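Below are the chains, spelled out letter by letter.
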Amino acid sequence: MTLAHQRFSNRWDLGALARLVRVAAGLALAATVLSACSSATELWDKVTQKDDTFVEEPAEKLYNEGLFLTNEKRDAKGGAKKFEEVDRQHPYSDLARKSLLMSAYAYYQANDYDSCIGAATRYVTLHPGSSDAAYAQYLIAASHYDQIADVTRDQGRTEKAIAALEEVVRKYPTSEYAVSAKAKLEAARDQLAGREMTVGRYNLEKRNYTGAINRFKTVVTQYQTTRHVEEALARLTEAYMAIGIVSEAQTAAAVLGHNFPDSPWYKDAYNLVKSGGSEPTENPGSYISKAFKKFGLG
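Attention here is on the structure that accompanies the text. Computed from a predicted structure; not experimentally measured.

1. A closer look at the environment of Arg 157
Following the sequence through the fold, Arg 157 ends up in helix α7 (residues 156–171). A sequence separation of 13 residues divides Arg 157 from His 144, and the C-alpha atoms of the two residues are 5.8 Å apart. In this structure Arg 157 touches Asp 114, Ile 117, His 144, Gln 147 and Ile 148, once residues within four positions along its chain are discounted.

2. A few points about the pattern of salt bridges
Throughout the structure, instances matching the rule amount to 19 salt bridges. For Lys 77, the salt bridge goes to Asp 112, with nearest N and O atoms at 3.7 Å. A residue pair is termed long-range when its members are at least 10 positions apart, and Lys 77 in helix α3 (residues 76–89) and Asp 112 in the loop between α4 (94–109) and α5 (113–126) qualify at 35 residues. For Glu 231, the salt bridge is made with Arg 235, and the minimal N-O distance between the two is 3.1 Å. Taken together, the residues span about one helical turn, with Glu 231 and Arg 235 both in helix α10 (residues 229–243) at a distance of four residues.

3. Brief notes about the packing of aromatic side chains
Inspection of every chain in the model, using the stated rule, returns five aromatic pairs. The rings of Tyr 135, Tyr 138 and Tyr 177 are connected pair by pair, giving a single aromatic cluster. Lying across the ring of Tyr 145, Lys 184 places its NZ or CZ 5.4 Å from the centre. One residue, Lys 217, lies across the ring of Tyr 287, its end atom 4.7 Å from the ring centre.

4. Brief notes about the packing of helix α8 (residues 176–205) against helix α9 (residues 209–222)
Closest axis-to-axis distance for the α8/α9 pair is 8 Å, and the angle between their directions is 160°. Judged by the angle between their axes, α8 and α9 are roughly antiparallel. Viewed along their axes, α8 and α9 form a crossing whose handedness is left-handed. Along its contact with α8, which presents Ala 193, Glu 196, Met 197, Val 199, Gly 200, Arg 201, Asn 203 and Leu 204, the element α9 presents Tyr 209, Gly 211, Ala 212, Arg 215, Phe 216, Thr 218 and Val 219. Of the residues contributing to the contact of α8 with α9, the split by class is eight nonpolar, four polar and three charged.

What counts as what
Residues numbered from 1 in each chain as written. Predicted model: local features only at pLDDT ≥ 70, side-chain atom pairs only at ≥ 80, totals over all residues. Heavy atoms only, no water. Helix = DSSP H or I, 4+ residues; strand = E, 2+ residues; numbered from the N terminus. Contact = heavy atoms within 4.5 Å. Salt bridge = Lys/Arg side-chain N within 4 Å of Asp/Glu carboxyl O. Phe/Tyr/Trp six-rings, centres within 6.5 Å; stacked < 30°, edge-to-face > 60°. Lys NZ or Arg CZ within 6 Å of the ring centre and 35° of its normal. Axes fitted to C-alpha atoms, helices over the stretch in contact; angles between N-to-C directions. Parallel < 35°, antiparallel > 145°, perpendicular 65-115°, else oblique. Left-handed = near helix turned anticlockwise from the far one by under 90°. Nonpolar A, V, L, I, M, F, W, Y, C, P; charged D, E, K, R; others polar.

As structure tokens, then:
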């Protein structure tokens, strides 16, 4: 063999060896990937495999466990889950209806208001003629009511509470829950009036008299029975005197004095009108006078 032929043969051997090494490395990598995929597949199958050992439990057992967790263990959320299982496993049983209402009650006790509203709404929808429908509706209203924010924040929950409470009073006027709903209703309306007063005072301080009047007007025309109405009338007197609409200032002061003669707010309003050379005099055509006559307060 010539030297040139030997060099060519050596180069071929080295090239073949390199190819064999690359092939072997590729096969090893493929085997590793396949092994990893197989392991991952096995792991995923273990995670996602269904539990074929599920055993249905009697409705009475689940219901009693829910009562025990809610009342004895003070684990209201745990109790709610048990009640939901009654409805899930035994949807056509006699206890399914009771369990749905009890789940709403348990969620309310746990301060999980959204879940309470969901369960109670479902109960009212499915069982509107039930003797317990009034209580379910009351739970909806109470859940909104308990989330009412202070007067400096958005009052969306207050408005929802008022709508739900009015539903209790309208649909179930003779129920035991109507009395409590009416009390909560007055408190919720007082909250909305308080929000209007807060914004009105701010506008008055900034000398935005039109903006202030609109807020106080809302209190006078919509929330006459709240504790804020006395101040609202006095503030209207102040705002109207500031922009020179004396007749409305006189009416606001006069209505305030007629309905709340001993109020310190009336003394302030009276003195303010007198300082302008006028007397508190009611104009029967004013919206202020009409608002109070509408409610028998004028």
